[in-house]
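Take a look at the letters that make up each chain.
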Amino acid sequence: MRVLLLGSGGRENALAWKMAQSSMLEELFIAPGNAGTRLYGKNVAMSTTDFPAIKKFVLENQVNMVVVGPEEPLVKGIHDFFLADDELKTVPVIGPNQYAAQLEGSKDFAKQFMFRHNIPTAKYATFTKDTLEQGYTFLESMKPPYVLKADGLAAGKGVLIIEDLKEAKAELKSMLADAKFGEASSRVVIEQFLKGIELSVFVITDGDSYKLLPEAKDYKRIGEGDTGLNTGGMGAVSPVPFADAAFMDKVQNQIIIPTVKGLRNDNIPYKGFIFFGLINVKGEPFVIEYNCRMGDPETEVVIPRLKSDILDLFEGVASNTLSERDVQFIDKCAATVMMVAGGYPEAYEKGKQIYGLNSVTESIIFHAGTSSDGPAVLSAGGRVLAITSYGKHLDGALAKSYDSAAKIEFEGAYYRKDIGFDVL
Ligand code: AMP
Ligand code: GLY
């Protein structure tokens, strides 16, 4: 197969690493990729949302599968773009079409979907500029903390959790009337606050059947003990100890199966990954959010635990024969620790040379935000490297990642020393 993978983060580096192990792979291209993905294929300087450029590249290079890492090209309709083009329609895209990608692209769409199919999730109501007053009344009827969500994509910043009613009303006004998150907050979902511990569950589906992948837990806050600002993710572990067989049965029966069946009943074709952001409330799973892609940094622990050939699964998705494919996992734990730039998630510097990458032997280094300058590897983003290790237990995997992180240097490097602290 000749595969084009879209994206440039740690998630894409992990997917590239896995695809490169497949005997079915003839050539892998990554657009735009990073200094890590070039070890597994050819990086192509091309934006993930420049559909005409992607078309030209696919045709010129006889690409016969496109795997989409991030949500943006999906929400912008890359799958539909391929299906609507006579020259591209036979090239499968792994990732849902634009309508289905609203599971991530519109919180209101996702909530309506969940209520329609009786999938456990927080109670909610949706408001616009014209119903601002009703929004205030709804807030008055709720107990704090108040959860306000911009309906559309807001680069992970669109969710506000507020203790004070007056402040919640002011924020609601700022989102709806003053476009705090631009078009993304022209609708706002207000929902009941759920108290519990979160985890991420993933499936891959061809629209008819699905395969469950290992679950993971990510660590979003910049500071130890889950304090400070939200980030793209500072580390992840898999498996998640509290997600035992009884809990995962509930997840499958109450959430995953109704979701896949619900998509089918609503005539929504879906080909790709579904990411269930879940919360465990006293042993009962609820959906916090859907994403139409894999998680980052969860991919950096989930994909290393997959034993089966990922291209075989992708081919099953493309040809609607996923149910016939075999999926097996590696019976080891995996943990990843993210090294980030000093200052992240606020202002930070890029272009710092990274030393010590070659001295790491006990871990897999997935580049998240790097570029290359000849043989030198430079930081090129806030999240710079994801350091993944295996272990018989999570604590052993984490210890290896910390040993490896200590061998890597770049100016201002920071990482949390307590990944997994709440589940070990
Ligand atoms: P989201 O972008 O929807 O994942 O929301 C970001 C974060 O806000 C989640 O990871 C949760 O930690 C938190 N959150 C979202 N919705 C709720 C809710 N209904 N109750 C409690 N926490 C929530
Ligand atoms: N780690 C959370 C996400 O990818 O959205």
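Residues numbered from 1 in each chain as written. Chains lettered and ligands numbered in written order. Predicted model: local features only at pLDDT ≥ 70, side-chain atom pairs only at ≥ 80, totals over all residues. Heavy atoms only, no water.

S.K.: Now, about the packing of helix H1 (residues 10-19) against helix H11 (residues 310-318): what can you tell me, with residues and values included?
M.R.: Close contact between H1 and H11 brings their axes to 8 Å; oriented N to C, the two are set at 100°. In terms of orientation, H1 lies roughly perpendicular with respect to H11. Listed contacts from H11 to Leu-15, Lys-18 and Met-19 of H1 are Ile-310, Leu-311 and Phe-314. Here the contact of H1 with H11 is composed, by residue class, of five nonpolar, no polar and one charged. (Axes fitted to C-alpha atoms, helices over the stretch in contact; angles between N-to-C directions. Helix = DSSP H or I, 4+ residues; strand = E, 2+ residues; numbered from the N terminus. Parallel < 35°, antiparallel > 145°, perpendicular 65-115°, else oblique. Contact = heavy atoms within 4.5 Å. Nonpolar A, V, L, I, M, F, W, Y, C, P; charged D, E, K, R; others polar.)

S.K.: Give a description of the site of ligand 2 that names residues and reports values.
M.R.: Close contacts around ligand 2 come from Asp-218, Phe-275, Asn-291, Arg-293, Gly-295, Asp-296, Pro-297 and Glu-298, and that covers them all. Side-chain polar atom of Arg-293 to an oxygen atom of ligand 2: 2.9 Å apart, as the coordinates give it. Bound to the protein, ligand 2 loses 87% of the 200 Å² it would expose on its own. Considered class by class, the residues forming the shell around ligand 2 number two nonpolar, two polar and four charged. (Near = heavy atom within 4 Å. Polar contact = N/O pair within 3.5 Å; in protein donor to acceptor, adjacent residues only side chain to side chain. Areas by Shrake-Rupley, 256 points an atom, 1.4 Å probe, with all protein chains shown as cover.)

S.K.: Break down the site of ligand 1 for me, citing the residues and quoting the values.
M.R.: Taken together, 14 residues lie around ligand 1, and Glu-191, Gln-192, Leu-194, Glu-198 and Glu-289 are the ones closest in. Contacts to ligand 1 include Lys-107, whose side-chain N or O atom sits 3.1 Å from an oxygen atom. At 2.7 Å, a side-chain N or O of Glu-191 approaches a nitrogen atom of ligand 1. Those elements that place two or more of their residues in the shell around ligand 1 are strand S7 (146-150), strand S8 (159-162) and strand S17 (284-291). A per-class count over the shell around ligand 1 returns seven nonpolar, one polar and six charged.

S.K.: Can you break down the sheet that holds S17 residue by residue, with the values?
M.R.: Strand order in this open sheet of four strands is S11-S10-S16-S17, and the pairing throughout is antiparallel. The sheet terminates laterally at strand S11 (210-212) and S17, the two strands that pair on one side only. Strand-to-strand, the axes of this sheet are offset by a mean angle of 35°, without reference to chain direction. As judged from the three bridges shared by strand S10 (residues 197-205) and S11, these two strands associate in the antiparallel manner. The residue of S11 that forms the bridge with Val-203 is Leu-212. Sheet contacts for helix H9 (residues 245-265): S10, S11, strand S16 (272-281) and S17; angle to S17, the most-contacted strand, approximately 40°. (Pairing = 2+ DSSP bridges.)

S.K.: Please give an account of the nonpolar core that cites residues and values.
M.R.: If you look at the biggest cluster of nonpolar residues, it comprises 69 residues, and the most contacted ones within it are Val-3, Met-19, Phe-314 and Ile-408. Ranked by the residues each element gives to this core, the list is headed by strand S18 (residues 333-340), at seven residues. The contact partners of Met-19, leaving out residues within four places of it in the chain, are Val-3, Leu-5, Leu-25, Leu-28, Val-67, Ile-310, Leu-311 and Phe-314. (Core = buried A, V, L, I, M, F, W, Y, C linked by side-chain atoms within 4.5 Å. Buried < 20%, exposed > 50% of the residue type's maximum accessible area, 1.4 Å probe, protein only.)

S.K.: I'd like a rundown of the packing of helix H7 (residues 132-141) against helix H8 (residues 165-176), residues and numbers included.
M.R.: Two elements in contact, H7 and H8, have axes separated by 10 Å at closest approach and are oriented at 155°. Taken together, the axes of H7 and H8 are roughly antiparallel relative to one another. Taken as a pair, H7 and H8 cross one another with a handedness that is right-handed. For the pair formed by H7 and H8, the contact residues are Leu-132, Gly-135, Tyr-136, Leu-139 and Glu-140 on the first element and Leu-165, Ala-168, Lys-169, Leu-172, Lys-173 and Leu-176 on the second. (Left-handed = near helix turned anticlockwise from the far one by under 90°.)

S.K.: Can you lay out the layout of surface pockets for me, pointing to particular residues and giving the numbers?
M.R.: Approximately 310 Å³ is the volume found for the second largest pocket. Among the elements that line the lining of the second largest pocket, the one with the most residues is strand S19 (residues 364-367), at three residues. (1 Å grid on protein atoms, 1.4 Å probe; cavity = no way out; pocket = protein on both sides within 12 Å on 5 of 7 lines; lining within 4 Å. Points joined across faces, edges and corners; volume = space filled by probe spheres on them.)

S.K.: Pulling in residues and values, what's your account of H1?
M.R.: Most of H1 is tucked away, with ten of its ten residues classed as buried. By the burial criterion, the buried members of H1 are Gly-10, Arg-11, Glu-12, Asn-13, Ala-14, Leu-15, Ala-16, Trp-17, Lys-18 and Met-19.

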